[in-house]
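Residues per chain are reported as follows:
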Amino acid sequence: MNKVCIFNNDGFSVLHFRKRLIQDLIISGYHVTVLVPKSKYDNELRSLGIDVVNIKMDRFINPISDLILLFRLYSFLRNESFDLIHNMTIKPNIYGGLIAKLVGIKRIVSLVPGAGFIFSDDADFFRKILQIVLIRLYRFSMRYTDKVWFQNSEDKKDFIDNKIINPSQAVVIVSSGVDIQKFSMSNLNQDEVDQWKYQLAIEDNHQIMMMVTARVIRSKGVCEFLKAARHFRSVDHAKKFILIAPTENNSFDGLKNEIQYTSKLGNFHHHSAFIDDIHNVIALADVMILPSYYREGVPRALLEALSLGKPIITTDHIGCRETVLDGQNGFLVKPRDSDDLICKIQKITETNSIIEKYGVSSRELAEEKFSDEEVSKAVIKELYNHKIL
């Protein structure tokens with residue numbers, strides 16, 4: 001039996017975004033171990049029939065804790081006999097690739113789920129220094145990686161152009177996929193939907209413009225969303241703007257005052273707590289909006305909204321544009337352009353028939369292009385060199 005280690009920085013992501021891959025690996029005869037920081041999701045992961053081993057890992061760069069991480073990683077991987085390690089996200093990709101090579105793991109594969117700020121043009125001085133460091137670390141570690149999974153072709157091109165990888169290493173599999181059975185309007189808990197409707201102060205006459213993002217940062221398009229909310233407060237009281245976004249002190253990005261001011265206007269609500277299972281919340285949206293200019297892979301919130309049959313408004317930007325057939329299931333807007341966003345919101349909400357038509361197209365797109373079943377098959381075939389039936 002082949003032994004696989006999945007090395008990730010977050011238990012939530014493994015459970016919610018890699019569950020189908022894990023299940024297919026088990027069916028294919030693999031013994032799976034997940035190496036991940038301790039979290040409340042460990043037992044649920046173990047219930048899938050896998051081993052979960054915890055390793056402490058700081059989210060941000062810290063020379064001392066990162067050195068400790070390297071020693072712990074070396075000790076763990078040296079004492080196991082993994083046939084393959086699948087690293088996911090920046091630190092696992094860099095450190096996991098180096099240590100896996102050092103201990104002699106036969107096959108090393110990686111996932112780059114969006115380039116983030118690595119190739120951002122508007123980074124401040126500190127981030128530019130960090131970009132240089134990360135690119136050099138990536139160059140050094142990725143030379144030992146057999147295959148690198150990118151979720152869009154632009155990230156692949158940037159890694160090749162910056163001489164981080166060779167073209168032969170790159171595989172493009174669009175998105176992580178979405179569970180189209182779970183994220184379906186026929187699979188809702190109506191009691192939970194009603195509770196969220198009450199909690200978010202949604203009334204029957206409201207048209208819900210929803211934005212879901214993991215963090216409150218400018219590059220996710222939060223400012224543009226807030227400007228749209230303020231605009232429609234004066235011209236269309238029926239539109240309600242809901243921002244689902246946990247707040248973190250180190251990523252609030254100076255937006256706290258702007259969010260608080262917009263909240264006082266009455267047509268905007270910010271839910272700042274983390275939501276584990278969000279499909280009963282997205283179900284309340286009439287339109288899903290993500291005006292992001294962050295370097296996304298393919299944003300998870302948009303995949304889930306597609307599967308739930310929601311029209312999409314997002315930016316004509318790397319990763320985001322993958323989810324929209326412009327004028328068929330939604331609209332693409334210019335990055336950092338709140339006027340364009342306002343125009344497209346007005347256009348898509350002119351009649352209920354447009355919302356319904358675009359919603360049907362979104363569901364069809366999810367089924368055709370973003371099913372996690374097909375993504376999992378492609379990953380196992382292209383990265384693991386194993387075909388599942």
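Coordinates for the structure precede this section.
None of these values were measured; they are calculated from a predicted model.

Draft legend 1. Broad picture of the pattern of salt bridges. Applying the stated criterion across every chain yields a total of 21 salt bridges. With a shortest N-O distance of 3.2 Å, Glu 80 and Lys 3 are connected by a salt bridge. Taken as a pair, Glu 80 in the loop between helix H4 (63-79) and strand E4 (84-88) and Lys 3 in strand E1 (residues 3-7) lie far apart in primary sequence, 77 residues in all. Residue Asp 277 pairs with Lys 182 through a salt bridge whose shortest N-O separation is 3.2 Å. Here Lys 182 lies in the loop between strand E7 (170-172) and helix H8 (190-199) and Asp 277 lies in the loop between strand E10 (268-271) and helix H11 (279-282), a separation of 95 residues in the sequence. On the accessibility criterion, Lys 182 (24% relative accessible area) is partly exposed.

Draft legend 2. Expanded view of the nonpolar core. In terms of nonpolar packing, the biggest core is built from 60 residues, with Phe 241, Ile 244 and Ile 345 touching the most fellow members. Element by element, the count of residues in this core is highest for helix H9 (residues 222-235), at 7 residues. Residues Cys 5, Ile 108, Ile 164 and Ile 165 belong to the second largest nonpolar core, which totals 30 residues.

Draft legend 3. Quick peek at the side chain of Ser 292. Mapped onto the fold, Ser 292 is located in the loop between strand E11 (287-290) and helix H12 (300-307). According to the relative accessible area criterion, Ser 292 is buried, its value standing at 0%. A polar side-chain atom of Ser 292 sits 3.1 Å from the main-chain amide nitrogen of Tyr 294. Among residues more than four places away in sequence, those in contact with Ser 292 are Ser 219, Lys 220, Gly 221, Thr 315, His 317 and Cys 320.

Draft legend 4. Structural detail: the packing of H9 against helix H10 (residues 256-263). Two numbers describe how H9 lies on H10: the axes approach to 10 Å, and their chain directions differ by 20 degrees. Here H9 lies roughly parallel to H10, going by the angle between them. As for how H9 packs across H10, the hand of that crossing is left-handed. Counted together, Cys 223, Leu 226, Ala 229 and Arg 230 of H9 and Glu 258, Ile 259, Tyr 261 and Thr 262 of H10 form the full contact between these two elements. In terms of residue class, the contact of H9 with H10 is built from 5 nonpolar, 1 polar and 2 charged.

Draft legend 5. Here's a closer look at the environment of Leu 111. Structurally, Leu 111 is set in strand E5 (residues 107-112). When its relative accessible area of 0% is taken as the criterion, Leu 111 is described as buried. As a C-alpha pair, Leu 111 and Leu 383 span 272 residues in sequence and 9.8 Å in three-dimensional space. The residues contacting Leu 111, other than those within four sequence positions of it, are Arg 18, His 86, Asn 87, Met 88, Thr 89, Asn 93, Trp 149 and Gln 151.

Draft legend 6. Quick look at the packing of aromatic side chains. Tallying each qualifying case throughout the model produces 12 aromatic pairs. Aromatic pair Phe 150 and Phe 159: ring centres 5.1 Å apart, planes at 65 degrees, arrangement edge-to-face. Using a relative accessible area of 0% as the deciding quantity, one classes Phe 159 as buried. One aromatic cluster in this structure is built from Phe 12, Phe 17, Tyr 41 and Phe 274. One Lys or Arg, Lys 3, reaches over the ring of Phe 82 and ends 5.3 Å from the middle of that ring. Directly above the aromatic system of Tyr 293 lies the positively charged group of Arg 336, at a separation of 4.0 Å from the ring centroid.

Procedures and definitions
- Residues numbered from 1 in each chain as written.
- Predicted model: local features only at pLDDT ≥ 70, side-chain atom pairs only at ≥ 80, totals over all residues.
- Heavy atoms only, no water.
- Salt bridge = Lys/Arg side-chain N within 4 Å of Asp/Glu carboxyl O.
- Helix = DSSP H or I, 4+ residues; strand = E, 2+ residues; numbered from the N terminus.
- Buried < 20%, exposed > 50% of the residue type's maximum accessible area, 1.4 Å probe, protein only.
- Core = buried A, V, L, I, M, F, W, Y, C linked by side-chain atoms within 4.5 Å.
- Polar contact = N/O pair within 3.5 Å; in protein donor to acceptor, adjacent residues only side chain to side chain.
- Contact = heavy atoms within 4.5 Å.
- Axes fitted to C-alpha atoms, helices over the stretch in contact; angles between N-to-C directions.
- Parallel < 35°, antiparallel > 145°, perpendicular 65-115°, else oblique.
- Left-handed = near helix turned anticlockwise from the far one by under 90°.
- Nonpolar A, V, L, I, M, F, W, Y, C, P; charged D, E, K, R; others polar.
- Phe/Tyr/Trp six-rings, centres within 6.5 Å; stacked < 30°, edge-to-face > 60°.
- Lys NZ or Arg CZ within 6 Å of the ring centre and 35° of its normal.

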